[in-house]
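Working through the structure, step by step
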Amino acid sequence: MSKRGQQADAGLQLLPFRGLRYVPERVGSLAAVTSPPYDVVVRPDGLLHLESADPHNIVRLILPQADTPAARNEQAATTLSHWLAEGILAPDPEPALYVYEQRKGELLQRGLIGALALSGPEHGVVLPHEAVMPDIVEDRAALMRATAANFEPLLLTYRSDGSATGAGRGREAGPGCETHAAGAAAVIERAIARPPLLATTTEDGFSHRLWSLTDPAEIAEAQSDLAHRQALIADGHHRWATYLRLRTEHPGPGPWGYGLVLLIDTVRHPLQVRAIHRLLHRVPVAEALDAIEGLFRIREVDGLPRALDALAEAAATGNAFLLAGDGGFHLIDRPDEELLARTVPRDHPPAWRTLDATVLHHTLLDQVWRIPDAPEHITYIHATDAAVEQAERRGGTAVLMHPVREEVVLELARQGVTMPRKSTSFGPKPATGLVLRSLSLD
């Protein structure tokens with residue numbers, strides 16, 4: 001059996017840890033100290049909003065502000081030390097796995113948070129599907145080195161042998177559904193019948209609840225189930241790459257061989273897949289359109305809702321994008337076939353060559369617009385409204401994308417093929433700040 005097959009048989013190894021959590025009596029509210037993941041925070045506006053929400057908002061640890069990278073990381077480490085000394089953050093008394101629930105309207109998602117044993121993509125246990133940027137990995141690695149902490153759980157998905165309960169599609173599990181749950185799912189179902197460690201509702205309308213699992217039998221039951229599973233990285237590729245990098249710096253057994261993750265069974269709780277948009281800082285819309293004249297079909301569409309509908313329709317049959325930033329919406333589709341043949345690499349499977357993100361990066365950004373994929377030229381923004389608003393304010397171009405189907409993502413990941421970075425946004429993402437992992441406690 002191949003090394004990949006041997007390791008895949010071992011599956012996911014999820015360990016309990018002593019969670020580091022905010023002490024509710026020492027902060028204004030749990031909601032006020034949480035944040036979206038570091039790469040979802042829209043800067044500078046969102047960063048300033050979070051900093052002003054509460055003096056102890058977690059954003060001061062995940063995105064510390066100072067003049068140099070070294071000073072930022074030192075500041076985060078100092079802040080963490082002060083908050084521990086002052087009792088703002090405190091470790092739970094014993095190691096635990098944590099059941100985490102998110103709910104908004106009809107959307108319900110539940111999973112397990114723990115310390116997952118790290119493995120490279122060659123082992124086939126945890127599958128990445130996007131490429132990463134070395135400078136971002138180094139930035140996150142420097143922060144983790146300075147603080148010896150995992151501040152944010154990565155979002156990973158796996159598929160159990162069970163069937164959907166309906167809860168993940170917006171309905172509570174019906175009578176008797178708990179009796180059909182097994183393994184990790186059964187452990188989760190039993191946990192939510194108990195009082196939670198915490199419950200809060202963040203300003204985005206999501207309610208969050210957290211339970212701890214400390215019973216050795218329940219932990220073993222969940223671990224035994226997960227030991228046969230394979231996971232897909234839904235969100236957190238740069239942080240996973242950071243985990244792997246730091247593991248090589250700390251070889252042998254120990255806390256650096258594990259990383260903080262949230263595991264979601266998408267059979268029971270299917271995730272939503274959204275696009276991540278691009279903001280081109282130095283290219284006005286008129287200039288972007290002039291460069292593609294004759295290479296793409298260009299149509300004007302009135303209003304964002306109608307424009308997104310038109311984008312979805314066009315993307316169903318080929319590559320399509322929306323350009324915005326000048327007050328209008330410009331749908332571009334039907335790229336010139338000779339242009340694609342000349343610019344898209346041929347050494348990848350067809351499903352990769354026809355991705356919108358592939359065409360955007362290899363054809364438009366690299367060859368037509370000639371824009372480097374660097375922070376001073378491109379910002380990645382999850383929220384459609386924010387991308388359009390920032391483009392209009394800064395005189396740049398927002399490139400709005402249509403989401404990739406989850407089946408395509410998973411199939412490419414299983415083939416070991418990585419998509420261009422920031423090709424997808426799986427969600428809902430876990431709130432940052434509800435439970436942290438200090439490596440000094442493991």
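Refer to the structure presented above.
Just so you know, these numbers come straight off a predicted model, no measurement behind them.

Assigned secondary structure in the chain consists of 17 helices and 21 strands. The C-alpha radius of gyration computed for the chain amounts to 22 Å, which stays within 12% of the reference 22 Å derived for 442 residues, consistent with globular compactness. Considered along the principal axes of its C-alpha atoms, the chain spans approximately 65 × 50 × 45 Å. Looking at the chain as a whole, 54% of its 442 residues are labelled buried. Excluding contacts between residues fewer than 6 apart, the proportion of contacts in the chain whose partners are at least 24 apart in sequence is 80%. Approximately 18600 Å² of the chain is accessible, and the part contributed by carbon and sulfur atoms is 52%. The positive charge centre, built from 43 side chains, and the negative charge centre, built from 56, are 3 Å apart in the chain.

Okay, helix 11 (residues 285-292) next. Every buried residue of helix 11 is listed here: Val 285, Ala 288, Leu 289 and Ile 292. One face of helix 11 carries all of its buried residues, which in axial projection span an arc of 95 degrees. What points out from helix 11, more than 90 degrees from its buried face, is the exposed set Ala 286 and Asp 290. Residues of helix 11 that are buried in the fold lie against strand 15 (297-301), strand 16 (320-324), strand 17 (329-333), helix 15 (356-368) and strand 19 (397-400).

Moving on: the sheet that holds strand 15. Strand order across the open sheet formed by six strands is 15-17-16-19-14-18, with antiparallel pairing between neighbours. Two strands close off the open sheet at either side, each with one partner strand: strand 15 and strand 18 (378-381). Strand after strand, the sheet turns through a mean of 25 degrees between neighbouring axes, direction not considered. Here helix 15 sits on the sheet and contacts strand 14 (277-280), strand 16, strand 17, strand 18 and strand 19; the angle it forms with strand 16, its principal contact strand, is near 60 degrees.

A surface patch of negative charge is lined by Glu 300, Asp 302, Asp 326 and Glu 392. Position of Asp 302 relative to the elements: it lies in the loop between strand 15 and helix 12 (304-315). With relative accessibility at 60%, the residue Asp 302 sits in the exposed group.

For the rest of this paragraph, the subject is the nonpolar core. The biggest cluster of nonpolar side chains holds 113 residues, and the ones touching the most others in it are Trp 240 and Trp 369. Sorting elements by how many residues they give to this core places helix 15 first, with six residues. Of all hydrophobic cores here, the second largest spans 20 residues; its members include Leu 279, Leu 304, Leu 322 and Phe 329.

Turning next to the pattern of salt bridges. If you walk through the whole model with that rule in mind, you get 23 salt bridges. A salt bridge links Asp 39 to Lys 422; the nearest nitrogen and oxygen atoms lie 2.6 Å apart. Here Lys 422 lies in the loop between helix 17 (406-414) and strand 20 (425-427) and Asp 39 lies in the loop between helix 2 (30-33) and helix 3 (45-53), a separation of 383 residues in the sequence. In this structure Asp 39 comes out as buried when scored by relative accessible area, which is 14%. Look at Lys 422 and you get buried, because its relative accessible area is 11%. Across the salt bridge formed by Asp 235 and Arg 239, the nearest N and O atoms sit 3.2 Å from each other. In this structure, Asp 235 and Arg 239 share a single accessibility class: buried.

Turning our attention to the pairing of strand 14. Side chains of strand 14 alternate between two faces, with His 277 and Leu 279 and Arg 278 and Leu 280 buried alike. Direction of pairing for strand 14 relative to strand 18: antiparallel, over a ladder of four bridges. Along strand 18, the bridge assignment pairs Arg 278 with Tyr 380. Where strand 14 lies against strand 19, three bridges are found, and the strand directions are antiparallel.

Here we come to helix 5 (residues 69-85). The terminal C-alpha atoms of helix 5 lie 25 Å apart, and with 17 residues this matches the ideal 24 Å at 1.5 Å per residue to within 8%. Buried within helix 5 are the following residues: Asn 73, Ala 76, Thr 79, Leu 80 and Trp 83. Within helix 5, the buried residues cover an arc of 120 degrees as seen down the axis, which keeps them to one side. In helix 5, the exposed positions that point more than 90 degrees away from the buried face belong to Ala 70, Glu 74 and Ala 85. Considering only its buried residues, helix 5 is in contact with strand 2 (19-22), helix 4 (59-62), strand 3 (89-91), helix 6 (134-147) and strand 7 (149-150). Count one or two residues on from helix 5 and you reach Gly 87, which has phi positive near 80 degrees.

We now examine the sheet that holds strand 3. On the basis of which strands lie adjacent, the open sheet formed by four strands has the order 3-2-21-7 and antiparallel pairing. In this open sheet, the two edge strands, each paired with only one partner strand, are strand 3 and strand 7. By the bridge criterion, three bridges tie strand 2 to strand 3 in an arrangement that is antiparallel. Directly across from Arg 21, in strand 3, lies its bridge partner Ala 90.

The alternating pattern of strand 9 (residues 198-201) places Leu 198 and Thr 200 on a buried face and Ala 199 and Thr 201 on a face that is not buried. Of the pairings in the sheet, the one linking strand 9 to strand 10 (residues 207-213) comprises four bridges and is antiparallel in character. The residue bridging Leu 198 from the neighbouring strand is Leu 210, located in strand 10. Counting the residues that bridge the hairpin from strand 9 to strand 10 gives five residues, and of these Gly 205 lies at a positive phi of roughly 90 degrees.

Two elements in contact, helix 5 and helix 6, have axes separated by 8 Å at closest approach and are oriented at 35 degrees. The handedness of the crossing between helix 5 and helix 6 comes out as right-handed. Counted together, Asn 73, Ala 76, Ala 77 and Leu 80 of helix 5 and Ala 142, Leu 143, Ala 146 and Thr 147 of helix 6 form the full contact between these two elements. Across the contact of helix 5 with helix 6, the residue classes break down as six nonpolar, two polar and no charged.

Parameters at a glance
- Residues numbered from 1 in each chain as written.
- Predicted model: local features only at pLDDT ≥ 70, side-chain atom pairs only at ≥ 80, totals over all residues.
- Heavy atoms only, no water.
- Helix = DSSP H or I, 4+ residues; strand = E, 2+ residues; numbered from the N terminus.
- Rg over C-alpha atoms; globule rule 2.2 N^0.38 Å.
- Buried < 20%, exposed > 50% of the residue type's maximum accessible area, 1.4 Å probe, protein only.
- Contact = heavy atoms within 4.5 Å.
- Areas by Shrake-Rupley, 256 points an atom, 1.4 Å probe, with all protein chains shown as cover.
- Lys, Arg positive; Asp, Glu negative; His and termini not counted.
- Charge placed at Lys NZ, Arg CZ, Asp CG, Glu CD.
- Arc of directions from axis to C-beta.
- Pairing = 2+ DSSP bridges.
- Axes fitted to C-alpha atoms, helices over the stretch in contact; angles between N-to-C directions.
- Patch = residues over 30% accessible without salt bridge, like charges linked within 9 Å, V, L, I, M, F, W, Y side chains within 5 Å.
- Salt bridge = Lys/Arg side-chain N within 4 Å of Asp/Glu carboxyl O.
- Core = buried A, V, L, I, M, F, W, Y, C linked by side-chain atoms within 4.5 Å.
- Expected span 1.5 Å × (residues − 1).
- Left-handed = near helix turned anticlockwise from the far one by under 90°.
- Nonpolar A, V, L, I, M, F, W, Y, C, P; charged D, E, K, R; others polar.

It is worth stressing that arrangement in space is one thing and function is another; only the former is reported here.
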